[in-house]
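Given next are the chains, with one letter for each unit.
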Amino acid sequence: MIVAEAKPIEEVLEMIDRYDKIILAGCKECVAVCAAGGEKEVQLLASALRTARKTTGRELEIREVTLERQCDPEYVEGIRGFAGDYQAILSIACGVGVQYMAEHYKTIPALPGLNTSFMGGSLEQGVWSERCQGCGTCILHLTGGICPITRCAKSLLNGPCGGSAKGKCEVNPEIECGWQLIIDRLRELGEFEARYTELFPIKDWSTSRDGGQRTIIREDLKP
Amino acid sequence: MDGVYVAGCLEGECHYLRGNLRAKKRVGHVQGILAALGINPERLQMYNLSAAMGGRFVEIAQEMTERVRALGPSPVTTGQGREFVAGEQEEEGK
Amino acid sequence: MKTASRLEKVLEKGHFAVTSECGPPRGADPDVIREKGALLKGVVDAANITDCQTSVVRMSSFASCLILKEMGFDPILQMVTRDRNRIAIQSDILGAAALGINNILCLSGDHQRFGDHPQAKNVYDIDSIQLIMTVKKMRDEGRFLNDDELTKPPQLFIGAAANPFADPVEIRALRLAKKAAAGVEFIQTQCIFNLDRFGQWMREVVDRGLHEKVAILAGVTPLKSVGMGKYMKNLVPGMDVPDQVIERLKGVAKEKQAAEGIKFCIESIQQLKEMEGVRGVHIMAIEWEEKVKEIAQGAGLLPRPKV
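We now turn to the structure provided with this report. (Residues numbered from 1 in each chain as written. Chains lettered and ligands numbered in written order. Predicted model: local features only at pLDDT ≥ 70, side-chain atom pairs only at ≥ 80, totals over all residues.)

### Here's the deal with the overall build of chain B
Then step 1. Scanning chain B from N- to C-terminus turns up 4 helices and 2 strands.
Then step 2. Across the 94 residues of chain B, 12% fall into the buried class.
Then step 3. Of the contacts formed within chain B by residues at least 6 apart in sequence, a portion of 65% connects residues at least 24 apart. (Helix = DSSP H or I, 4+ residues; strand = E, 2+ residues; numbered from the N terminus. Buried ≥ 20, exposed ≤ 12 C-beta atoms within 10 Å, placed from the backbone. Contact = placed C-beta atoms within 7 Å.)

### Brief notes about the overall build of chain C
Then step 1. In terms of regular secondary structure, chain C is built from 12 helices and 8 strands.
Then step 2. Summarising its shape, the C-alpha atoms of chain C cover approximately 60 × 45 × 40 Å along the three principal directions.
Then step 3. Here chain C, with 307 residues, has 52% of them falling under the buried criterion.
Then step 4. A fraction of 78% describes how many contacts in chain C between residues 6 or more apart in sequence connect residues 24 or more apart.

### Describing the sheet that holds strand β3 (residues 61-67) of chain A
Strand pairing in a sheet is mediated by backbone hydrogen bonds. Such pairs are either parallel or antiparallel.
All names here are of chain A.
Then step 1. Across the sheet, which stays open at both edges, the 4 strands sit in the order β3-β2-β4-β5 with parallel pairing between neighbours. Each having just a single partner strand, β3 and β5 (110-112) make up the two edges of the open sheet. Across this sheet, the average inter-strand angle for adjacent strands is 25 degrees, counted without regard to direction.
Then step 2. Taken together, the 4 bridges between strand β2 (residues 21-27) and strand β4 (residues 88-91) define a ladder with parallel strand orientation. Of the residues in β4, the one forming a bridge with L24 is L90.
Then step 3. Across the sheet, helix α6 (residues 95-104) is in contact with β2, β4 and β5; its angle to β5 comes to roughly 170 degrees. (Pairing = 2+ DSSP bridges. Axes fitted to C-alpha atoms, helices over the stretch in contact; angles between N-to-C directions.)

### Regarding the pairing of strand β4 (residues 103-107) of chain C
Residue and element names in this part refer to chain C.
Then step 1. Among the 5 residues that make up β4, 5 are buried, leaving the element largely enclosed by the rest of the structure.
Then step 2. In β4, alternate side chains face the same way, and those of N103, L105 and L107 on one face and I104 and C106 on the other are all buried.
Then step 3. As paired strands, strand β3 (residues 75-80) and β4 are joined by 5 bridges and run parallel to one another. Considered in β4, the bridge of Q78 is made with L105.

### Considering the nonpolar core
Then step 1. Counting residues in hydrophobic clusters, the biggest one holds 84 residues, and the most contacted among them are C:I104, C:C106, C:I132, C:V135, C:I187 and C:I283.
Then step 2. Per-element accounting of this core gives the leading share, 6 residues, to helix α5 (residues 128-141) of chain C.
Then step 3. Excluding residues that lie within four positions of it along the chain, C:I132 makes contacts with C:C106, C:I158, C:A160, C:K179, C:A182, C:G183 and C:V184.
Then step 4. The next biggest cluster of nonpolar side chains, apart from the first, holds 44 residues, and it includes A:V3, A:A25, A:A93 and B:L37. (Core = buried A, V, L, I, M, F, W, Y, C linked by C-beta atoms within 7 Å.)

### Some points on the interface of chain C and chain A
Many descriptions give the size of an interface as the accessible area lost when the pieces come together.
Then step 1. Taken residue by residue, the interface counts 23 residues in chain C and 21 residues in chain A.
Then step 2. Contributing elements (two or more residues each) for the side of chain C that touches chain A: α5 and α6 (172-182) of chain C.
Then step 3. Looking at side-chain class alone, the side of chain C that touches chain A contains 12 nonpolar, 6 polar and 5 charged residues. (Nonpolar A, V, L, I, M, F, W, Y, C, P; charged D, E, K, R; others polar.)

### What to know about the interface of chain B and chain A
Then step 1. Each partner contributes residues to the interface: chain B has 11 residues there, and chain A has 10 residues.
Then step 2. When contributions to the side of chain B that touches chain A are tallied by element, the ones reaching two or more residues are α1 (19-36) and α3 (75-78) of chain B.

### Regarding α1(B)
Then step 1. If you check α1(B), its first and last C-alpha atoms are 26 Å apart, about what 18 residues at 1.5 Å a residue would give, namely 26 Å.
Then step 2. Two residues or fewer after α1(B) comes B:G38, characterised by a positive phi angle close to 85 degrees. (Expected span 1.5 Å × (residues − 1).)

### A word on helix α9 (residues 226-235) of chain C
Residue and element names in this part refer to chain C.
Then step 1. When α9 is considered as a whole, its buried residues turn out to be V226, M228 and G229. The buried residues of α9 occupy an angular sector of 165 degrees when the element is viewed end-on, so they sit on one face. Facing away from the buried side of α9 by over 90 degrees, the exposed positions are N234 and L235.
Then step 2. Among the structural elements, α10 (243-250) and α11 (257-273) are those in contact with the buried residues of α9. (Arc of directions from axis to C-beta.)

### What to know about the sheet that holds strand β6 (residues 114-124) of chain A
Residues and elements named next belong to chain A.
Then step 1. Spatially, the 3 strands line up as an open sheet ordered β1-β6-β7, and their pairing is antiparallel. The open sheet is flanked by β1 (2-6) and β7 (127-132), the only strands paired with a single partner. Taken pair by pair, the neighbouring strands of this sheet meet at an average axis angle of 70 degrees, ignoring direction.
Then step 2. As defined by bridge partners, β1 adjoins β6 across 5 bridges and the pair is classed as antiparallel. Across the sheet, the residue bridging to V3 is F118, located in β6.

### Some thoughts on the packing of α10(C) against α11(C)
Residue and element names in this part refer to chain C.
Then step 1. Axis separation between α10 and α11 bottoms out at 9 Å; the angle between their running directions is 140 degrees. Between α10 and α11, the interaxial angle falls into the category oblique. The segment α10 lies against α11, with V245, R248 and L249 engaging Q257, E260, G261 and F264.
Then step 2. Of the residues in the contact of α10 with α11, the class split is 3 nonpolar, 2 polar and 2 charged. (Parallel < 35°, antiparallel > 145°, perpendicular 65-115°, else oblique.)

### Let's talk about unusual backbone geometry
Then step 1. Between A:G159 and A:P160 the backbone carries a cis peptide bond, its omega angle lying at 0 degrees.
Then step 2. Locating A:P160 in the fold gives a position in the loop between α7 (148-151) and β8 (168-169).
Then step 3. The omega torsion across C:L302 and C:P303 is 0 degrees, close enough to zero to call that bond cis.
Then step 4. Despite not being glycine, A:A35 has its phi angle at roughly 55 degrees, a positive value.
Then step 5. Considering the arrangement of structural elements, one finds A:A35 in the loop between α2 (30-33) and α3 (39-54).
Then step 6. Overall, the presence of 15 C-beta atoms within 10 Å leaves A:A35 in the partly exposed class.
Then step 7. In the Ramachandran plot, C:S55 falls in the positive-phi region, its phi being about 60 degrees despite a non-glycine side chain.
Then step 8. For C:S55, the location among the structural elements is in the loop between β2 (46-49) and α3 (61-70).
Then step 9. Classification of C:S55 as buried rests on a count of 20 C-beta atoms within 10 Å.

Okay, structure coming up:
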């Protein structure tokens, strides 16, 4: 899922300072799972923002709404009926949701309440970790199911570098060396000889973010 | 609202096993939010006691009342802006 | 001989090679390079200029190499893939060769998190092994990475680094094999304090026959003090400084520690010279370049042969 976290509340307060009537829009998908922008977080944030506004002797009207997803036009359209009554939409969906709000409601500022960070999963309750950087050319079958682009700080394809120490990355001793993990896994799978001794060719980055904004079209699914 | 206190069972004696520990964490989290909003986090406290500790219950109520009285009305009540800046209090205490 | 590199010639003739390195300044002053170079005159067969080592901004290796060249040195251009994509890399390779730089050391480069601009975006379009492949392709096939023909191949002697002490230990010789397969011709190792462990690695390297394909230059660094030894032991990744080395320095008075460090360095070189497959030494005297001559002299490496 997409993992995001709440912006510091001071930053959000500054963003909404000039408004006194806003929509606070959450999302029931990824950001709900990582406890950043789901229905509960909408309630908590709305309460905190109203409280903060009260300390300045002013009021803040917040329309709380949590959409099924903020990345689908039909759900985003769901607030069409009342959006025009508000001065801004504070979205605590991921960056996609904020932009969808902006695209659908062109005359109302769309504000990000979260910092969207990475594609990852849960390790344990309260801990989420990055696993995928969307390079567009997946090679997990060649690296024992462990991504060198994401889990190696240098995205080496012929790693590890000379800074790998006791299975940890030189950049941060709390991060595991991605290539140590890959080597260990290849051994467990009996694929070490087959996979590790070959030279990994240079990557085509044009399918990743470096190629510019990406679009996927499925002709078979279009009406 | 100028103060809130949360009363939970003594640690290790929660009927729901870990409910009081979770509450402690959440109280800590909310204290952080209050500080960020410029509200003195001491207005929110958590206390642990058992249902049999009537005397302690009274003590706590008095303690909390005195604390809030000393702090005065909260910024939410007065609407006169921040009463607290996170980090400053610690420096003054040094 | 594939290039006009003096280092290549020295190795080809079977001499024990000596290289060292200069760290460029954090400013636009060419005299810093000239002064460091002057300390190495007649001492080395070739000299590296580091490329924003530990991700700290310094005068470029390319520019500094030219200053060394003017002084009569055979410079080794260090190039990291952290800061440049394949377009800039191929372009710089052509430029370096055009200006008479004969050697290149291919590195991935320390992550920007270590340096003075940790907020920078990194590149790592290709890794160090792919950089070796790139230089080889340009030189021996006369082609760019996209297979277009280039008009005049760059004649560069291809080097890389090796760290026998990094984890995982069991793949370190294999990693050297990969670099050899990619086309590397000379290697400078991370500085050696644990000669036993280095010896083990060399044996693996020799078992694989790599010492015949690749000239291995053993890295050494003189310790100035117990403090420096401890720093390197504990805070530099991929470094193995055995306790007895630190104890040895501790065993002498503080003002004598530097001299003891140099003594240990010289002794190490003498031992390394005897190891099968070690074809030279790379003396890294970080911010202590004035000691390189003394070390080379003490280890019997001077004068350098005429080739």
